Number of protein chains: 2
Amino acid sequence: MDSSNSADSLHSTIDQDVGSFFASAPPLKDNSGLCNLLNQFVERISPLSEFDGAKKVVCVTSGGTTVPLEQRCVRYIDNFSSGFRGAASTEYFLKAGYAVIFLYRRGTCQPYCRSLPDDALLQCLRVNNADIEVTETYADIVKEAIGNHRAAISEGNLLKIPFMTIFEYLQILKMIALAVRPLGRLAMFYLAAAVSDFYVPWESMVEHKIQSGSGPLDMRLAQVPKMLPVLRSEWAPLAFCISFKLETDSKILLDKAVAALNKYKMHAVVANELLSRKEEVIVVRPAGNVIVRRSKVEAGSDVENPLIRLLVEAHNCYIKAP
Amino acid sequence: MDSSNSADSLHSTIDQDVGSFFASAPPLKDNSGLCNLLNQFVERISPLSEFDGAKKVVCVTSGGTTVPLEQRCVRYIDNFSSGFRGAASTEYFLKAGYAVIFLYRRGTCQPYCRSLPDDALLQCLRVNNADIEVTETYADIVKEAIGNHRAAISEGNLLKIPFMTIFEYLQILKMIALAVRPLGRLAMFYLAAAVSDFYVPWESMVEHKIQSGSGPLDMRLAQVPKMLPVLRSEWAPLAFCISFKLETDSKILLDKAVAALNKYKMHAVVANELLSRKEEVIVVRPAGNVIVRRSKVEAGSDVENPLIRLLVEAHNCYIKAP
């Protein structure tokens, strides 16, 4: 068997896994409504040319996906993710002139809301006689959050789509990829969501709540088929693709990021380690690695600001000089 | 072996499991701060007599507990629960004159906030010139939420304590039980939280993120030791205890609720089925079962209103006629 044959056979295995994942996934609740929403959003952007001045679009994914363990779901496996990185990155992409499709886990951090406390409404507001007012501590933060967020949406630059499960996430991601595909190189995927690696296929899932009779519970989880190769080769082949690699063990992080770059033909992989991820990340690209650090002198600085600056520049190069 | 010996041996097995659970759990971040907070809250209530006019205290638990799968946690198992029932019940307990210790999963529904939309701050407010104002649609809801919530806290009737993991939940529950124990029969536990049945003991948990090499993932989860018998027999033996039983299969629900009532010596078990839980529940008590239904004629009615009325009455009887 020569190498092209073996690549073919790898592709057909991937296709089969991906096909059966989608075939068995519970269908989205409002498939056609969502599809229309996406197409309208992309049409409004409708670039005249791929060069200077044309609007770029980025799909930012954010937060963790859940994996239900029962069809009538009481329990699920979840990935820890506050959605902070996705929300912060969205702000910088908007500032850089992108239209953003923000695919986020329900309940996670929203763009412009990073500095708000938990249960923001209860914490930030008080009743004064018959009026509601913002407490002084939060006045500026709340005004900025509401103002910027509403402006981005009303100007048609921010489309927010929530998900919960791995089934919803991957179906919507595919839908977004097909919608932005006509934009060619102007589209970017910034896949910051913490996507489950393992799941229980819908057809092999028990219907009812697992009983806690006696003794331990043994579970077997299947691997979620890798969608990145399909995104790159079929759904949106010209889009600029950035994926993320999070590890808790710094010793294996870079090797895994480089492997992902090559295997999935990403344009960049952002490598981050759980404990230091708010201080620095390493951008792994075919041309080499760049360490991106949060500024230690600027107040309120974050790692997302320089990271997005670097990626926008790389995307611009990709658009202009294929 | 006679039956008292076998009961003894059952107790010693339970004690051992519970002991090793607490011994191996990662310690709470601010153990002594939390302990002080609880003691102050209970002291402020300081009843002069157990009879008429003395303040009753209920610990309402709400939302699901998480079970980390890795010590440097990226993945965890979660229980689906919005916290709606716990939040609604808290409102009715406050209305009935109780002081409430609200032990809730971070991010779940808060008392008086049931009618607010997701991302309430972003949805309910807008910037008008330099001012922030509540949009008309939400004006009444927001005013009520903020007003009632702030009043309950500032009057010292509501103490809110958040948790995430099963380790935090059970440690804090024990701490609350020991703090309210001096109140004797005036204390109530209303255990509406969705508590994990299975977990990975801390010492047998892998340190780093589980790798998604090749093939499926096999997991073995241990049973979480049952804490209800310990709560009843040791932590707060005189408190009035209500636990919840949620099933998706209505055929086994009642049997399981009755079994829990007898096995754990609860004063009541609230049986609810996943799909109909907002319409009706069955209160299982030693004296017999009562079906509690949401009123279909009152606008905005819920099942928690009649449920709490019934339980408060039962608690009053328990206080007056031991």
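Refer to the structure presented above.
For clarity, every value in this text was computed on a predicted model and none was experimentally measured. Residue numbers restart at each chain and count upward from 1, following the sequence in its written direction. Written order decides the labels, with chains lettered from A and ligands numbered from 1. pLDDT decides what is reported in this predicted model: residues at 70 or higher carry local features, side-chain atom pairs at 80 or more are listed and counted, and totals for whole chains, interfaces and linings draw on all residues regardless. The basis for the side-chain values is all heavy atoms of the structure; hydrogens and waters are excluded.

Trainee: Explain the nonpolar core here, please?
Mentor: Across soluble globular proteins, nonpolar side chains show a tendency to be buried alongside one another. What we call a nonpolar core is a set of buried Ala, Val, Leu, Ile, Met, Phe, Trp, Tyr and Cys residues that are connected through their side-chain atoms within 4.5 Å. Exposure categories follow from relative accessible area, calculated using a 1.4 Å probe and restricted to protein chains: below 20% of the type maximum is buried, above 50% is exposed, and the middle band is partly exposed. In terms of nonpolar packing, the biggest core is built from 135 residues, with Ile176 and Phe189 of chain A together with Ile176 and Phe189 of chain B touching the most fellow members. The contact rule is simple, with two residues in contact once any of their heavy atoms fall within 4.5 Å. Those residues in contact with Phe189 of chain A that sit more than four places away from it in its chain are Cys59, Leu173, Ile176, Ala177, Val180, Leu231, Ala236, Ala239, Phe240, Cys241 and Ile242 of chain A.

Trainee: What is the right way to read the sheet that holds strand 8 (residues 187–191) of chain A from this model?
Mentor: Pairing between the strands of a sheet is mediated by backbone hydrogen bonds and can be parallel or antiparallel. Residue and element names in this part refer to chain A. Strand pairing is defined by DSSP finding a minimum of two bridges between the two strands. Numbering of helices and strands starts at the N terminus; helices are DSSP runs of H or I of at least 4 residues and strands are runs of E of at least 2. Read from one edge of the open sheet, eight strands run 7-4-1-8-11-12-13-14, paired in mixed fashion. The two strands at the open ends of the sheet, each matched to only one other strand, are strand 7 (158–163) and strand 14 (288–293). Ignoring which end each strand starts from, the neighbouring axes of this sheet average 15° apart. Bridge count between strand 11 (residues 240–247) and strand 12 (residues 268–273): six bridges; the pairing is parallel. Along strand 12, the bridge assignment pairs Glu247 with Glu273. Only the stretch in contact is used when fitting a helix axis, every axis being a line fitted to C-alpha atoms; angles between N-to-C directions are given from 0 to 180 degrees. In the packing of helix 6 (residues 166–180) onto the sheet, contacts are made with strand 1 (57–62), strand 4 (99–105), strand 7 and strand 8, and the angle to strand 8 comes to roughly 160°.

Trainee: Quick question: what am I supposed to make of the interface of chain B and chain A here?
Mentor: Accessible area lost during the coming together of the parts is what is often quoted as the interface size. With 66 residues of chain B in contact, the opposing surface of chain A contributes 66 residues. Interface area, chain B with chain A, both sides summed: about 5800 Å², of which 57% is carbon and sulfur. A 1.4 Å probe defines the accessible area here, and the buried area is the portion of it lost by two parts on being joined, summed over both. A per-residue breakdown of the area chain B buries against chain A is headed by Leu121, Leu122 and Thr248 of chain B, which together make up 12% of the total. Salt bridges are defined as contacts in which a side-chain nitrogen from Lys or Arg sits within 4 Å of a carboxyl oxygen from Asp or Glu. Linking chain B with chain A are six salt bridges, by the criterion used here. The partner of Arg220 of chain A in a salt bridge is Asp218 of chain B, with the nearest N and O atoms 2.8 Å apart. The definition of a polar contact used here is a pair of N or O atoms within 3.5 Å, where within protein one atom must be able to donate a hydrogen and the other to accept one, and adjacent residues in sequence count solely through side-chain atom pairs. Our enumeration of links across chain B and chain A arrives at 17 residue pairs in polar contact (both at pLDDT 80 or more). Listing elements by their share of the side of chain B that touches chain A, those giving two or more residues are strand 3 (75–79), helix 4 (120–124), strand 5 (125–128), strand 6 (131–134), helix 5 (139–154), strand 10 (217–223), strand 11 (240–247) and helix 8 (250–263) of chain B.

Trainee: Help me understand helix 2 (residues 31–45) of chain B in this model?
Mentor: Each α-helix winds once per 3.6 residues, and so residues spaced three or four apart point in a common direction. Under the convention used throughout, the expected extent of a helix is 1.5 Å for every residue step, that is, one less than its residue count. Counted at 1.5 Å a residue, the expected span for helix 2 of chain B with its 15 residues is 21 Å, and the 22 Å between its end C-alpha atoms agrees. At its buried positions, helix 2 of chain B is contacted by strand 1 (57–62), strand 4 (99–105), strand 7 (158–163) and helix 6 (166–180) of chain B.

Trainee: Is there a simple way to explain the side chain of Arg105 of chain A in this structure?
Mentor: All names here are of chain A. Along the chain, Arg105 turns up in strand 4. Arg105 gets classed as buried once you look at its relative accessible area, which sits at 10%. A polar contact of 3.0 Å, which involves the side chain of Arg105, links it to the backbone oxygen of Gly64. Polar contacts involving the side chain of Arg105 include one to the side chain of Asp78, which spans 2.9 Å. When sequence neighbours within four positions are dropped, the list of residues in contact with Arg105 reads Ser62, Gly63, Gly64, Thr65, Thr66, Tyr76, Asp78, Phe163 and Met164.

Trainee: I'm lost on the sheet that holds strand 2 (residues 67–68) of chain A in this one. Help?
Mentor: Strand order in the open sheet made by the four strands is 2(A)-3(A)-3(B)-2(B), with antiparallel pairing throughout. The sheet is open, and its two borders are formed by strand 2 of chain A together with strand 2 (67–68) of chain B, each paired with just one other strand. Examined bridge by bridge, strand 2 of chain A and strand 3 (residues 75–79) of chain A share two bridges and lie antiparallel to one another. Paired with Val67 of chain A across the two strands is Ile77 of chain A, which belongs to strand 3 of chain A.

Trainee: How should I be thinking about unusual backbone geometry in this particular structure?
Mentor: Trans peptide bonds make up the majority, and among non-glycine residues the majority have a negative phi. Residue and element names in this part refer to chain A. For Tyr112, which is not a glycine, the phi torsion comes out positive at approximately 70°. Among the secondary structure elements, Tyr112 is positioned in the loop between strand 4 and helix 4 (120–124). Backbone geometry places Lys265, a non-glycine residue, at a positive phi of 55°. With respect to the helices and strands, the residue Lys265 is situated in the loop between helix 8 (250–263) and strand 12.

Trainee: Can you walk me through the relation of the copies chain B and chain A in this structure?
Mentor: Between the two copies of this chain, the relationship is a rotation about some axis together with a displacement along it. The atoms used to superpose the copies are C-alpha atoms, taken from residues with pLDDT of at least 70 in both, and the fit is least squares. When chain B is fitted onto chain A, the two copies agree to an RMSD of 0.0 Å after a turn of 180° and an axial shift of 0.0 Å. In short, the pair behaves as if placed about a two-fold rotation axis. In terms of proximity to the rotation axis, the leading residue of chain B is Ile77 of chain B, whose C-alpha is 2.1 Å off the axis. When the interface residues of chain B are mapped onto chain A, 100% of them again fall at the interface, so both copies present the same face.

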